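Chain by chain, the residues:
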Amino acid sequence: MGRGNHKADLPLIPLLLVTYCFTYNSIGRLQFNIHEATVDQIQNAFAQSQLTSRQLVDFYNHQIQTLNPILRAVIEINPDAQHQADQADKQWKRLRRTRQQPLGSLQGIPVLLKDSIGTKDKMNTTAGSYALLGSVVPRDAMVVEKLRKAGAVILGKASQSEWYKMRSLGKLPNGWCARSGQGVNPYVEMGDPCGSSSGSAIAVAANMVAVSLGTETDRSIICPADRNSVVGIVPTVGLTSRAGVVPVSARMDTIGPICRTVSDAVHVLDVIVGYDPRDPEATAKAAEFIPKGGYMQFLNKDGLEGKRLGIVRTPFIDSYINDSLVVPAFEQHISTLRYS
């Protein structure tokens, strides 16, 4: 699925399957469950020799091979991803031997990139269109440079609404692009996957990867994160560099993480923010507001303890009163939150 290939050679399957993968110690005792593992859990497993980056990449590749024929969330797998993972594992082995901390906060973590984010490698950057297939970008996008510096493994390119739907005049459905087909919401097959970063959100929701990047001009991260039940962060314009990313609007474009948890998303945000001389007008001013020590320091897992949440039923829920599915599903989720 490298540059120039028109489609992924993936097997078709009749049902949506979710696989689980575990690692075992020398006596066969279960140690680690990769399925839906967070960045912190993965990093801890690396440090404890319970998991390797190569095992994680192979697991995600298997997930993609199994689920992508249905979900159409991934356009290409990076042919160098396994090599990058092997290099990360060598680094982790050295760190364990010398009892040092990893140089990068995403050391060995696979990341999936929206297809509009440029990579100077064997993959294409096409914004979901055949028009750019085979084109060569001059360099990595700045956010990709930062990911590589943090030790991340670039797993592949996620599908997106072709050309951000900016050339379709509203006639194409969300999540459709020529190179991968129609992206599918993994929870509700007929549901709208939403937004041009739909592939990044679908892949995270279906455990094809833990970490992805999307771009937003107008709800392109927030909407697919909402519809596919994952977490998206839309940085203030200029907080992350747009250099090397297929543009829409200089006033509105921004690049941000899509993950399963707030913590994972903040891990990625800390890596990709900052000044870029190739996008100076936006990033110079925004960089002044990046907190010293990053954003992770503000995470508090008990932050909602003792808080009261208001539920607005009118007019939002009342508008679905004649729907036989929406209201009961909503009330069930509220009940789960109340008693969990």
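Cut-offs and rules
Residues numbered from 1 in each chain as written. Predicted model: local features only at pLDDT ≥ 70, side-chain atom pairs only at ≥ 80, totals over all residues. Heavy atoms only, no water. Buried < 20%, exposed > 50% of the residue type's maximum accessible area, 1.4 Å probe, protein only. Helix = DSSP H or I, 4+ residues; strand = E, 2+ residues; numbered from the N terminus. Pairing = 2+ DSSP bridges. Right-handed = clockwise from strand over helix to strand, strands pointing away. Patch = residues over 30% accessible without salt bridge, like charges linked within 9 Å, V, L, I, M, F, W, Y side chains within 5 Å. Areas by Shrake-Rupley, 256 points an atom, 1.4 Å probe, with all protein chains shown as cover. Salt bridge = Lys/Arg side-chain N within 4 Å of Asp/Glu carboxyl O. pLDDT = per-residue confidence, 0-100. Contact = heavy atoms within 4.5 Å. Core = buried A, V, L, I, M, F, W, Y, C linked by side-chain atoms within 4.5 Å. Axes fitted to C-alpha atoms, helices over the stretch in contact; angles between N-to-C directions. Parallel < 35°, antiparallel > 145°, perpendicular 65-115°, else oblique. Nonpolar A, V, L, I, M, F, W, Y, C, P; charged D, E, K, R; others polar. Polar contact = N/O pair within 3.5 Å; in protein donor to acceptor, adjacent residues only side chain to side chain.

## A closer look at the pairing of strand S4 (residues 110–114)
Of all five residues in S4, five are buried, a share of seventy percent or more. Here five bridges tie S4 to strand S5 (residues 153–158), and the two strands are oriented parallel to one another. Bridging across to S5, valine 111 finds its partner in isoleucine 154. Note that the unit made of S4, helix H4 (residues 142–149) and S5 has a crossover that is right-handed. Examined bridge by bridge, S4 and strand S8 (residues 211–216) share three bridges and lie parallel to one another.

## A short note on unusual backbone geometry
Geometrically, the link from threonine 314 to proline 315 is a cis peptide bond, its omega value of 10 degrees lying close to zero. When you line up the elements, proline 315 lands in the loop between helix H8 (280–287) and helix H9 (326–339). Although it is not a glycine, alanine 127 adopts a positive phi angle of roughly 55 degrees. You can see alanine 127 is positioned in the loop between S4 and H4. Look at alanine 127 and you get buried, because its relative accessible area is 0%.

## Overview of a nonpolar patch on the surface
On the surface, a cluster of nonpolar side chains totalling about 390 Å² of accessible area is made up of Tyr187, Val188 and Met190. Within the secondary structure, tyrosine 187 sits in the loop between strand S7 (181–182) and helix H5 (198–205).

## What about the confidence of the model for the protein chain?
Averaged over every residue, the pLDDT of the protein chain is 89; the share at 70 or more is 89%. Segment residues 26–30: pLDDT under 50, and five contacts once partners within four positions in sequence are set aside and those in other chains are kept.

## Let's talk about the sheet that holds strand S9 (residues 231–232)
An order of S3-S5-S4-S8-S10-S9 is seen for the six strands of this open sheet, with the pairing classed as mixed. Of all the strands in the sheet, the pair left with one neighbour each is strand S3 (74–77) and S9.

## Topic: the nonpolar core
If you look at the biggest cluster of nonpolar residues, it comprises 66 residues, and the most contacted ones within it are Ile42, Ile117, Leu147, Met208 and Leu213. If one sorts the elements of this core by residue count, helix H2 (residues 53–71) sits on top with seven residues. With residues near it in sequence (within four places) discarded, isoleucine 117 still touches Thr125, Ala141, Val143, Val144, Lys157, Leu213, Thr215, Gly244, Val245 and Ile255. The next biggest cluster of nonpolar side chains, apart from the first, holds six residues, and it includes Leu239, Val266, Leu269 and Tyr295.

## Looking at the packing of H2 against helix H3 (residues 81–98)
Relative to each other, H2 and H3 sit at 155 degrees, their axes nearing to 7 Å. Viewed along their axes, H2 and H3 adopt a mutual orientation that is roughly antiparallel. When H2 is examined against H3, the residues Ser53, Arg54, Val57, Asp58 and Asn61 are found in contact with a partner set consisting of Ala81, Gln82, Ala85, Asp86, Ala88 and Asp89. Residues that form the contact of H2 with H3 fall into these classes: four nonpolar, three polar and four charged.

## Re the pattern of salt bridges
A side chain of one charge can pair with a side chain of the opposite charge if their charged atoms are brought near each other. Tallied over the entire structure, the rule returns 14 salt bridges. With a closest N to O distance of 3.5 Å, aspartate 302 and lysine 301 form a salt bridge. Of the residues examined, aspartate 302 reaches a relative accessible area of 38% and is grouped as partly exposed. Sharing partners across several salt bridges, the network here consists of Arg54, Asp58 and Asp86.

## Looking at the environment of threonine 261
As for its position among the elements, threonine 261 is in the loop between strand S10 (254–259) and helix H7 (262–272). Since its relative accessible area comes to 25%, threonine 261 is described here as partly exposed. Sequence spacing of threonine 261 and valine 211 is 50 residues, and the spatial spacing of their C-alpha atoms is 9.6 Å. Ignoring sequence-local partners within four residues, the contact set of threonine 261 consists of Thr38 and Val231. A polar side-chain atom of threonine 261 sits 3.0 Å from the main-chain amide nitrogen of aspartate 264.

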